[in-house]
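Chain by chain, the residues run as shown.
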Amino acid sequence: MRWDAQALERGDSPAAVSAASPTAALLPLAGLVRTVSTPEFAGITFHEVTAKSVLNKVVAGSRMPFDWTINPYRGCSHACVYCFARKSHTYLDFDAGLDFDSQVVVKINAAEVLRKELAKPSWRHEHVALGTNTDPYQRAEGRYQLMPGIIGALADSGTPLSILTKGTLLARDIPLLKHAAAQVPVGVGISLAMTNEQLSEAVEPGTPGPRARLKLISRLREAGLPCGVMAMPILPWLSDSDEALDSLFGALAAAGATGVTAGALYLKPGTREWFMQWIAREHPHLAGKYRRLYGSGSYASKEYRAWLAGRVRHFKDLHGFSGSQGFSHRDLDGGSDHDNAREEEAQYPAGSIPDTAWHASPRHAGAARSGANSSGAIRSDTAQPPLF
């Protein structure tokens, strides 16, 4: 059952918490303080850890438009069946399926550690991205409230930042983001790829529904903040019809999105197995079609992606996004099928990446070396996303 927006934003009472000793955790996590379960978060276990560092350096050779990330949580109660980050949970000896949805690692000292790292003379005030692996505004944030401290630390240090989320709890921090945007460049991105509430509940059951996220986009824009939308993944035979795409881009335009990136479902190892099990169970008539469309790889066929590109272009033009940047299906000619697919998916919508041309003083000069062009578009990233 989907949690409504209020439930997603609600924390829990300390009196309702039952804590176990560190030995009760499923595995020996580094820095484990305690393992917690509570009735307000039924079915979810929190593993509270103290981190030695929270700034993650993006691996050398990456072409992402940022060099640093922060992931205050590992695992994600949004439980999206298509989530690309599922395999990252296996690095902690959790599984990529139910454990990813229900075993959430929380870096309880994230803000304190971050302030110390940002105060180092070696820090170059480069763009830091949040939401690159698991969602920083998943339900756990209602309990732990890590993001206000993280946003404040980044802004106070003169560090540009961006946030990508499905979580409507972000609305709680709009005043803080407005204050931060007066100090440093800020980018905000919302992930929303469908308007069908029933389909959304089936494939991303722990998230706020499409209507709630559309309202959040409007609230961000009314507050004077940018808001790009990652309309990914578009699901073959489930959310790729003309009716579905028309509804999606029309709703995003009405909400005031500053840019949109759209792309087909990506099934990397770990995600592929979990999603294919879901398709076989919930839509058995599509199981064979998905196997043929994806073959043994992570990407839909080039023919499908080219077809989807044409439909997306049509509806972007129809709803006034033709001048926006960050279109994922744009380079389908030449090169290998794999290279083109990586190029397609590696596009960030306008508004989701801070304007790194901004220089308030020489101390911010490092922010300009992120590799993004003025549109926020980026090139392919062949490396595993930074994690812990």
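Quick caveat, the model's predicted, so the values are computed rather than measured.

Asker: Is there a simple way to think about the packing of helix α3 (residues 110–118) against helix α5 (residues 147–156) in this case?
Answerer: The relative placement of two packed helices is expressed as an angle between their axes plus a distance between the axes. Across the interface, α3 lies against α5 with an axial gap of 8 Å and an inter-helix angle of 10°. Taken as axis vectors, α3 and α5 run roughly parallel relative to one another. Of the residues in α5, those touching α3 at Ala110, Ala111, Leu114, Arg115 and Leu118 are Gly149, Ile150, Gly152, Ala153, Leu154 and Asp156. A class-by-class count of the residues in the contact of α3 with α5 yields seven nonpolar, two polar and two charged.

Asker: I tried to follow the confidence of the model for the chain on my own but got confused; where do I start?
Answerer: Interpreting fine coordinate detail is not advised for predicted regions of low pLDDT. Model confidence for the chain is summarised by a mean pLDDT of 83, while 78% of its residues fall at 70 or above. pLDDT under 50 marks residues 3–26. Its contacts with residues more than four places away, or in other chains, come to 52 contacts. A low-confidence stretch, residues 357–388 stays under pLDDT 50, and its non-local contacts, those more than four residues away or across chains, total 87 contacts.

Asker: Just checking my understanding: could you explain the pattern of salt bridges for this structure?
Answerer: Where charged atoms of side chains with opposite charge meet at close range, the side chains can pair. Here the structure, examined in full by the defined rule, presents ten salt bridges. Across the salt bridge formed by Arg115 and Asp156, the nearest N and O atoms sit 3.1 Å from each other. On the criterion of sequence distance, the pair formed by Arg115 in helix α3 and Asp156 in helix α5 is long-range, its members being 41 residues apart. One salt bridge connects Glu282 with Arg281, and the closest N-O pair in it is separated by 3.2 Å. The exposed category is assigned to Arg281, whose relative accessible area is 55%.

Asker: Where do I start with the packing of helix α8 (residues 210–222) against helix α9 (residues 242–255) in this structure?
Answerer: For the pair α8 and α9, interaxial distance at closest approach is 8 Å and the crossing angle is 30°. What the angle tells us is that α8 and α9 run roughly parallel. Our pair here, α8 against α9, has a crossing hand that is right-handed. Of the residues in α9, those in contact with Leu214, Ile217, Ser218 and Arg221 of α8 are Ala251, Leu252 and Ala255. Split into classes, the residues belonging to the contact of α8 with α9 amount to five nonpolar, one polar and one charged.

Asker: Teacher, can you tell me more about the packing of aromatic side chains here?
Answerer: For any pair of aromatic rings, geometry is given as the distance between the ring centres together with the angle between the planes. What the rule picks out here adds up to eleven aromatic pairs. Plain terms: the ring middles of Phe275 and Tyr290 are 5.5 Å apart, the flat faces sit at 55° to each other, and that makes the pair tilted. Residue Phe275 is found in helix α10 (residues 271–282), and its partner Tyr290 is found in helix α11 (residues 284–294); the two are separated by 15 residues along the sequence. Of the two residues, Phe275 and Tyr290, both sit in the buried class. A ring pair is formed by Tyr290 and Tyr294, whose centres lie 6.1 Å apart and whose planes are at 5°; its orientation type is stacked. In this pair, Tyr290 and Tyr294 are both assigned in helix α11, four residues apart and thus about one turn of the helix distant. Taken together, Trp237, Phe275, Trp278, Tyr290 and Tyr294 form an aromatic cluster joined through their ring pairs. Over the ring of Trp68 we find Lys57, and its NZ or CZ is 5.4 Å from the ring centre.

Asker: Which parts of the structure should I look at to understand the side chain of Ser239?
Answerer: Within the fold, Ser239 resides in the loop between β11 (228–234) and α9. Look past the residues within four positions of Ser239 in its chain and what remains in contact with it is Leu199, Pro233, Ile234, Ala244 and Leu245.

Asker: Please clarify how the nonpolar core should be interpreted in this entry.
Answerer: The nonpolar side chains of a soluble globular protein tend to be buried, and buried together. In this structure, Ile217, Leu252 and Phe275 are the most contacted members of the largest nonpolar core, which totals 90 residues. Beyond its immediate stretch of four places on either side in the chain, Leu252 contacts Leu192, Leu214, Ile217, Val229, Ala257, Val260 and Phe321.

Asker: Sorry if this is basic, but what is going on with helix α12 (residues 302–318) here?
Answerer: Residue pairs three or four apart in sequence face the same way in an α-helix, which turns once every 3.6 residues. With 17 residues, α12 extends 24 Å from end C-alpha to end C-alpha; this agrees with the ideal 24 Å at 1.5 Å per step. Residues Tyr304, Arg305, Leu308, Ala309, Val312, Phe315 and Lys316 constitute the buried set of α12. Looking straight down α12, one finds that the buried residues subtend no more than 140° of arc, so they occupy a single side. Turned more than 90 degrees from where α12 packs its buried face, Glu303 and Leu318 sit exposed. In the stretch just after α12, Gly320 is the one whose phi turns positive, near 85°.

Asker: Explanation requested: the pairing of strand β3 (residues 45–49) in the structure shown.
Answerer: Within a regular beta strand, the side chains point alternately toward one face of the sheet and then the other, so they alternate between its two faces. The buried fraction of β3 amounts to five of the five residues, a majority that puts the element mostly inside the structure. The side-chain alternation of β3 yields two buried faces, one formed by Thr45, His47 and Val49 and the other by Phe46 and Glu48. Pairing geometry for strand β2 (residues 32–37) and β3, over four bridges, is antiparallel. If you follow Val36 over to β3, its bridge partner there is Phe46. As paired strands, β3 and strand β7 (residues 103–107) are joined by five bridges and run parallel to one another. Following the sheet pairing, His47 is matched in β7 by Val105.

Thresholds, definitions, all that
- Residues numbered from 1 in each chain as written.
- Predicted model: local features only at pLDDT ≥ 70, side-chain atom pairs only at ≥ 80, totals over all residues.
- Heavy atoms only, no water.
- Axes fitted to C-alpha atoms, helices over the stretch in contact; angles between N-to-C directions.
- Helix = DSSP H or I, 4+ residues; strand = E, 2+ residues; numbered from the N terminus.
- Parallel < 35°, antiparallel > 145°, perpendicular 65-115°, else oblique.
- Contact = heavy atoms within 4.5 Å.
- Nonpolar A, V, L, I, M, F, W, Y, C, P; charged D, E, K, R; others polar.
- pLDDT = per-residue confidence, 0-100.
- Salt bridge = Lys/Arg side-chain N within 4 Å of Asp/Glu carboxyl O.
- Buried < 20%, exposed > 50% of the residue type's maximum accessible area, 1.4 Å probe, protein only.
- Left-handed = near helix turned anticlockwise from the far one by under 90°.
- Phe/Tyr/Trp six-rings, centres within 6.5 Å; stacked < 30°, edge-to-face > 60°.
- Lys NZ or Arg CZ within 6 Å of the ring centre and 35° of its normal.
- Core = buried A, V, L, I, M, F, W, Y, C linked by side-chain atoms within 4.5 Å.
- Expected span 1.5 Å × (residues − 1).
- Arc of directions from axis to C-beta.
- Pairing = 2+ DSSP bridges.

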